[in-house]
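Results of the structural survey
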Amino acid sequence: MGLLQRAAETYDCNQDRIGVYQADHMPLAPAGHMLTRASLEIVINANGDFLSAIALDKKDPRIIIPVTEESSGRTGGACPHPLCEQIGYLVPYNTEKYENYLAQLQKWITFSGGNLKLRAVYQYVKKGEILTDLQRCGLLELKENGEVKDGDELVRWRIVGLNDGEPEACWKDKSLFTSFQQFYTNERKDAPMDFCMVSGEYLPLAKQHIKGIVPKHGNAKLICAKADSYGRFTVNRESSTVSFSASQKAHNALSWLVEEQGVYSGDRVFLCWNPQGFPICHAAGAFVISEEPTFEPTDYRKQLLKTLTGYRSQFPDTATVVIAAFDAATKGRLSLTYYSEFLGADFLQRLYDWDNICCWYLGKNGIASPSLCAIVEDAFGVLRVENGKTRIDVDKRVLKQQMQRLMVRRLERGMMPEDIVASLVHRASSPQDYRSPASTQRSDLSIWRRLVNVTCAVIRKYRYDKYKEEWSMVLEPEKKDLSYQYGRLLAVLEKVERDTYGADESREPNAIRLMSVFCRRPLYTANQIEKQLERAYFPRLSVGSRTYYKNLIGSILEQIHQFPQAQWNLPLKETYLMGYYLQRSALYTSRKTETTEQTEE
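What comes next is a walk through the structure. (Residues numbered from 1 in each chain as written. Predicted model: local features only at pLDDT ≥ 70, side-chain atom pairs only at ≥ 80, totals over all residues. Heavy atoms only, no water.)

**Considering the layout of surface pockets**
Computed from the structure, the largest pocket encloses a volume of approximately 760 Å³. Lining the largest pocket are 26 residues, with T36, R37, Q86, D152 and L154 positioned closest to its centre. Taken together, the residues of the lining of the largest pocket break down into seven nonpolar, eleven polar and eight charged. Around the second largest pocket, the lining is made up of 30 residues, and of these V288, L362, N365, A368 and S369 lie nearest the centre. The set of elements that each furnish at least two residues to the lining of the second largest pocket consists of α9 (297–314), α10 (344–357), β15 (367–368), α11 (372–380) and α14 (445–467). (1 Å grid on protein atoms, 1.4 Å probe; cavity = no way out; pocket = protein on both sides within 12 Å on 5 of 7 lines; lining within 4 Å. Points joined across faces, edges and corners; volume = space filled by probe spheres on them. Nonpolar A, V, L, I, M, F, W, Y, C, P; charged D, E, K, R; others polar. Helix = DSSP H or I, 4+ residues; strand = E, 2+ residues; numbered from the N terminus.)

**Remarks on the sheet that holds strand β11 (residues 268–273)**
Read from one edge of the open sheet, four strands run β10-β11-β12-β13, paired in antiparallel fashion. Lying at the two open borders of the sheet, with one neighbouring strand each, are β10 (263–265) and β13 (333–343). Here the strands of the sheet are splayed against their neighbours by 20° on average, with no regard to which way each runs. Across three bridges, the pairing between β10 and β11 is antiparallel. Note on β11: the bridge partner recorded for S265 is R268. Along the sheet, helix α1 (residues 2–13) makes contact with β11, β12 (320–330) and β13, crossing β13 at roughly 75°. (Pairing = 2+ DSSP bridges. Axes fitted to C-alpha atoms, helices over the stretch in contact; angles between N-to-C directions. Contact = heavy atoms within 4.5 Å.)

**Here's the deal with the side chain of D327**
Its location among the elements puts D327 in strand β12. Reaching out from D327, the side chain makes a polar contact with the side chain of K400 at a distance of 2.7 Å. Those residues in contact with D327, other than ones at most four positions away along the chain, are H217, D267, R268, R333, L334, S335, T337 and K400. (Polar contact = N/O pair within 3.5 Å; in protein donor to acceptor, adjacent residues only side chain to side chain.)

**Things to note about a nonpolar patch on the surface**
A surface patch of nonpolar side chains, amounting to about 430 Å² of accessible area, comprises M193, F195, M197 and Y202. Topologically, F195 is positioned in strand β8 (residues 193–195). Since its relative accessible area comes to 35%, F195 is described here as partly exposed. (Patch = residues over 30% accessible without salt bridge, like charges linked within 9 Å, V, L, I, M, F, W, Y side chains within 5 Å. Areas by Shrake-Rupley, 256 points an atom, 1.4 Å probe, with all protein chains shown as cover. Salt bridge = Lys/Arg side-chain N within 4 Å of Asp/Glu carboxyl O. Buried < 20%, exposed > 50% of the residue type's maximum accessible area, 1.4 Å probe, protein only.)

**Some words on the packing of α10 against helix α12 (residues 396–411)**
Interaxial distance between α10 and α12 falls to 8 Å at its minimum, and their mutual angle equals 110°. Here α10 is positioned roughly perpendicular relative to α12, judged by the angle of their axes. In this structure, α10 uses F347, R350, L351, W354 and D355 to contact α12, whose residues at the interface are L406, R409, R410 and L411. For the contact of α10 with α12, the per-class residue count stands at five nonpolar, no polar and four charged. (Parallel < 35°, antiparallel > 145°, perpendicular 65-115°, else oblique.)

**Focus: the pattern of salt bridges**
Evaluation of the coordinates by the stated rule reveals 40 salt bridges. Ionic pairing is found between D395 and R397, a salt bridge with its closest N-O pair at 3.2 Å. Accessibility expressed as a relative area gives 35% for D395, which makes it partly exposed. Here K479 and E476 are joined by a salt bridge, their closest N and O atoms 3.8 Å apart. By relative accessible area, K479 is classed as buried at 19%. Assessed through its relative accessible area of 28%, E476 is described here as partly exposed. Salt bridges linked by common partners bring R449, E494, R498, E508 and R584 together as one network.

**Some details on the packing of helix α15 (residues 482–498) against helix α18 (residues 522–537)**
Where α15 meets α18, the axes come as close as 11 Å, and the angle between the chain directions of the two elements is 20°. Comparing their axes, α18 and α15 come out roughly parallel. For the pair α15 and α18, the crossing hand works out as left-handed. Residues Y486, L489, L493, V496 and E497 of α15 lie in contact with α18, whose contacting residues are P522, L523, A526, I529, L533 and Y537. (Left-handed = near helix turned anticlockwise from the far one by under 90°.)

**Re the pairing of strand β17 (residues 389–393)**
Residues T390 and I392 point to one face of β17 and are all buried, whereas K389, R391 and D393, pointing to the other face, are not buried. Note that strand β16 (residues 382–386) and β17 share five bridges and pair antiparallel. Note on β17: the bridge partner recorded for R384 is R391.

**Some words on the packing of aromatic side chains**
If you walk through the whole model with that rule in mind, you get 19 aromatic pairs. Taking 5.1 Å as the distance between ring centres and 65° as the angle between the ring planes, the aromatic pair formed by W108 and F180 counts as edge-to-face. In this pair, W108 sits in helix α4 (residues 95–112) while F180 sits in helix α7 (residues 174–187), placing the two residues 72 residues apart along the sequence. Here the two residues W108 and F180 agree in accessibility, since each one is buried. (Phe/Tyr/Trp six-rings, centres within 6.5 Å; stacked < 30°, edge-to-face > 60°.)

Here it is as structure tokens:
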């Protein structure tokens, strides 16, 4: 019950958001109400006369409507919502639904003392002219027998003539919210009482629970209303006893949180929040968000520490952070696939620790920690070509499972999964698999380069987790790692050939085309590439460039020869990619300066 308790607590701590519509924000629905999306808006006057109607965009924000227990969780039957309802309940041809709607609305009008807005809606619907009016406006298509072709369009009401002629939206009227709550409390006064596992009090129990917490899974319920039909329980109360008020608070709070801050991965949604409303970064999102990228490791650490300090200054250490993930097991069942709680200080420290190690140079974004989504895409995605452009496509089932897996490792200080590391390294070692649609020779460097960057960040985290090694993001020419030195050599061999290319050259250097072979047989492949360079490319370089590159290759080979000869041609470890990246970056950023200095000497 931890999730429902925290959700109900969230509802109680955000009273100022209940029923309040704000631009770019979803309102928190009051108890006895839910959020849904309307398809049509009908405008009537205070006498119940039709004035106009419009079709609503599917992207319009969801609205608050009053609901009963039966209607909020309905999957069939004739259980009408009290006010805003589907066309099928507002037309006379479906007698049971129509009469039930009018009877329930009439009871509410009587209890409220004849509320004018409710009466206007009642009078209009009772005329039975809604199909004719909507058809005249071109908003409805009828079958041959005169029935509506699709009766699930939900109608919202706007009343004109009750407030100086200004049309009033029923879905924003707080007085109607309060009126319905009072009416429905009176309707449920004889409901059975029992111990509520959420509030810890004896209260009227809920018979049904709201569906559609996650809009993508509109019919899925978090709590089944018929627990006696499944498993070992003989009656509902044996599985759980949740009061009506606690159920309404918790479900409405979760629906609001999903809409406001849910992070989707495939069909799974991740939540990360503080019940008291303190702002907090998302467990599946970026810890550092900065408009100014940094390219120095020391500056990145300062940026991390500044972010940590900033969050801690706004977020009490003892405050709770709740993390939950939801997915639909079936169309009607919403599963809680992950749930955990952390103290604020511990939560922030764990995100800081991950981003402090799992980071690398990410192109124009400078040094940063790659997003969990980027890691999954690069490790498990498939290259697609659409409209002449290449992109990475990941199966939704894989994406949501692996995203949750990485999020849990991040939060619970788990080790970077070895299968993810292996997949990334294999893909980063095969640049020829990332071909541009315009050429069979040239790789798509934008995708492959990003892959290498992400892979280096993941390797850095993996080596720290498994071996407690801290790998620098600055080139170390004397690094005592054979694979690292071979990675440096590969970068130099690539750069030598690239320096001979003209502006219109489209093919990739031999070092890139043979990269997958190089990481399996490094010494053999390096010798083959160097022979080609000596024969075809070194002669095309200036004397200064030839001298510079040969000296650099010689210094790298000196480092390699410090290792036993038996290891020289063994398959490389994943660390060769870090040596490759850092040496390549150094060549592109400092080559000009070094050449100038050697010429002067």
